[in-house]
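# Understanding the architecture of this molecule
Residue strings, one per chain:
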Amino acid sequence: MDAFGRKIDYLRISITDRCNERCLYCMPEGYKGWENTRDHLTADEILRVVRVAAALGFRKFRLTGGEPLVRHDLLDIVRGMKAIPGVDDVGISTNGTKLAQVGQPLREAGIRGVNVSLDALDPKIYRQITGGDLNLTLAGIRAASAAGFERIKLNCVLMRGVNEGEIWPLVLFAAEHGFPLRFIELMPITTADVLTEKNFLPIGEAMQLLARRDELVSRPDPRIGNGPATYYSLRHTGALIGFIGALTNLHFCDQCNKMRLTADGKIRPCLGNHGELDLRVVLRNGGDDAALRDVFLEALRSKPLEHQFRNQYQPQRPMTAIGG
Ligand code: SAM
Ligand code: SF4
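A brief report on the enclosed structure follows. (Residues numbered from 1 in each chain as written. Chains lettered and ligands numbered in written order. Predicted model: local features only at pLDDT ≥ 70, side-chain atom pairs only at ≥ 80, totals over all residues. Heavy atoms only, no water.)

### Quick look at the overall build of the protein chain
If you tally the helices and strands in the protein chain, you get 10 helices and 12 strands. For 324 residues, the compact-globule estimate of 2.2 N^0.38 gives 20 Å, and the protein chain sits close to it at 19 Å. Dimensions along the principal axes, computed over C-alpha positions, put the protein chain at roughly 60 × 45 × 40 Å. Relative to its 324 residues, the protein chain shows a buried fraction of 56%. Restricting the contact set of the protein chain to residue pairs at least 6 apart, pairs at least 24 apart contribute 72%. Surface exposure of the protein chain reaches about 13800 Å², of which carbon and sulfur atoms provide 50%. The distance from the centre of the 42 positive side-chain charges to the centre of the 38 negative ones in the protein chain is 2 Å. (Helix = DSSP H or I, 4+ residues; strand = E, 2+ residues; numbered from the N terminus. Rg over C-alpha atoms; globule rule 2.2 N^0.38 Å. Buried < 20%, exposed > 50% of the residue type's maximum accessible area, 1.4 Å probe, protein only. Contact = heavy atoms within 4.5 Å. Areas by Shrake-Rupley, 256 points an atom, 1.4 Å probe, with all protein chains shown as cover. Lys, Arg positive; Asp, Glu negative; His and termini not counted. Charge placed at Lys NZ, Arg CZ, Asp CG, Glu CD.)

Below you can see the structure in the form of structure tokens.
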């Protein structure tokens, strides 16, 4: 439990700050601030941290980044995590571009759920946002389907003037394949100027847009899985649509259940507050598990009530360095 009575049992682990795409909202243009990979936790260090976290009651884990599929020892990390007592679930968030190669082995290594970022179905708009090739991501999604993951979810970050015309095609795509789709409000995590009135599209507006095409039906279980989305069903298409309104939902942080571990070994209690606690220094200075546990407990104690995105928040590290 944190100081506000929230049960924190979900750890999102960034395993690299590297990425083979460069999304407008995640990585500043011309970004060159890559961390030294020597500063990234090794697979063994990550597994040690997970062991300590699991002993403290963390049950759900997600590998992210940067793009986790570019890390060469990803499968070792997954297999190692799956063998740790108390680790109930390991998921992964990816841009999907490498799932065609790694999807099946990831499934065999024990990953149950995959979240794939898909901001557009129009190849030009996809490239404008990510710098990448939509076909690779679509092939990755097909491969993930064939690999038999228990859950495949799609994530779309909303940007006015960029991809609002993609909202409905994405809904139809999600409905056709039976994938839950989540619309995410843009957050000022990379540079503050990514979030301007001009390009911010509130989830309320996306809901209105969908309501013109179909009927949004609230669900008895509006929260599915471990994430912060509130889900609705669309009566006619049958799509399951989640909304992540970090900026406009004033109760967004009430049920927060997570903390983050950055690739360079910092525990970050809240995405939208700068505070981080250094685990790597303990790991590399010979600290024992009790010392690692103390850092976790301090992180739990210092987890803030809510994010600061509505208070002129000025990001210090881009999303790719923190881990999404
Ligand atoms: N590379 C993987 C991917 O793209 O899914 C995992 C890491 S990415 C940082 C995790 C999630 O964060 C993605 O769904 C991405 O769209 C989201 N994200 C990144 N920057 C964001 C921002 N400024 N606002 C809202 N969501 C953001
Ligand atoms: Fe890479 Fe994911 Fe960030 Fe896009 S959102 S730049 S795919 S880490």
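### Thoughts on the sheet that holds strand E7 (residues 216-218)
Strand order across the open sheet formed by 12 strands is E7-E8-E9-E6-E5-E4-E3-E2-E1-E10-E11-E12, with mixed pairing between neighbours. In this open sheet, the two strands that pair with only one neighbour each are E7 and strand E12 (277-278). (Pairing = 2+ DSSP bridges.)

### Quick look at the packing of aromatic side chains
For the coordinates displayed, the defined rule picks out 4 aromatic pairs. Between the aromatic rings of tyrosine 31 and tryptophan 34, the centroid separation amounts to 4.9 Å while the plane-to-plane angle is 75°, which identifies the pairing as edge-to-face. What links up through ring pairs into an aromatic cluster is the set Phe183, Tyr232 and Phe243. (Phe/Tyr/Trp six-rings, centres within 6.5 Å; stacked < 30°, edge-to-face > 60°.)

### Digging into the site of ligand 1
Among the 18 residues in the neighbourhood of ligand 1, the closest are listed as Tyr25, Gly66, Glu67, Ser117 and Met187. Tyrosine 25 places a polar main-chain atom, nitrogen or oxygen, 2.9 Å from a nitrogen atom of ligand 1. In this structure, threonine 94 approaches ligand 1 through a main-chain N or O atom, which is 3.3 Å from an oxygen atom. Protein burial of ligand 1: of its 540 Å² of free accessible surface, 94% is covered by the chains. Mapped by element, the contributors of at least two residues to the shell around ligand 1 are strand E3 (89-94) and strand E5 (151-157). Considering only residue class, the shell around ligand 1 consists of 7 nonpolar, 9 polar and 2 charged. (Near = heavy atom within 4 Å. Polar contact = N/O pair within 3.5 Å; in protein donor to acceptor, adjacent residues only side chain to side chain. Nonpolar A, V, L, I, M, F, W, Y, C, P; charged D, E, K, R; others polar.)

### Let's talk about the pairing of strand E8 (residues 230-234)
Of the pairings in the sheet, the one linking E7 to E8 comprises 3 bridges and is antiparallel in character. Each residue of the ladder has a partner; that of valine 217, found in E8, is serine 233. Where E8 and strand E9 (residues 240-244) come together, 4 bridges link them in antiparallel fashion. Paired with tyrosine 232 across the bridge in E9 is isoleucine 241. Counting the residues in the hairpin turn of E8 and E9 gives 5 residues, including glycine 238, whose phi is positive at 80°.

### A short note on helix H4 (residues 123-130)
Restricting attention to buried positions, one finds in H4 the residues Ile125, Tyr126, Ile129 and Thr130. End-on view of H4: buried residues confined to an arc of 110°, all on one side of the axis. Those residues of H4 that are exposed and angled more than 90 degrees off the buried face are Pro123 and Lys124. Contacts made by the buried residues of H4 are with helix H5 (134-147). Where H4 begins, the capping side chain belongs to aspartate 122, and its oxygen is found 2.7 Å from the backbone nitrogen of lysine 124. Following H4 by one or two positions, glycine 131 adopts a phi angle in the positive range, close to 75°. (Arc of directions from axis to C-beta.)

### Thoughts on the site of ligand 2
Close to ligand 2 lie Cys19, Glu21, Arg22, Cys23, Tyr25, Cys26, Gly66 and Asn95. Residue classes in the shell around ligand 2 are distributed as 4 nonpolar, 2 polar and 2 charged.

### A few points about the state of the cysteines
Taken as a whole and assessed by the stated rule, the structure comprises 0 disulfides. With no disulfide of its own, cysteine 156 lies closest to cysteine 23 among cysteine sulfurs, the gap being 11 Å. (Disulfide = S-S within 2.5 Å.)

### Brief notes about the packing of helix H6 (residues 167-177) against helix H7 (residues 203-211)
Interaxial distance between H6 and H7 falls to 10 Å at its minimum, and their mutual angle equals 70°. As the angle between them shows, H6 and H7 are arranged roughly perpendicular. For the pair H6 and H7, the sense of crossing is right-handed. Counting all contacts with H6, which are made through Ile167, Trp168 and Val171, the residues of H7 involved are Ala206, Leu209 and Leu210. Residue classes in the contact of H6 with H7 are distributed as 6 nonpolar, no polar and no charged. (Axes fitted to C-alpha atoms, helices over the stretch in contact; angles between N-to-C directions. Parallel < 35°, antiparallel > 145°, perpendicular 65-115°, else oblique. Left-handed = near helix turned anticlockwise from the far one by under 90°.)

### Digging into H5
Here H5 is 14 residues long and its end C-alpha atoms lie 20 Å apart, about the 20 Å a rise of 1.5 Å per residue gives. By the burial criterion, the buried members of H5 are Leu134, Thr137, Leu138, Gly140, Ile141, Ala144 and Ala147. At its buried positions, H5 is contacted by helix H3 (99-109), strand E4 (113-117), H4, E5 and H6. Between the side-chain oxygen of the N-cap and the backbone nitrogen of asparagine 135 there are 2.9 Å, and the N-cap of H5 in question is aspartate 133. Phi turns positive, to about 80°, at glycine 148, one or two residues after H5. (Expected span 1.5 Å × (residues − 1).)

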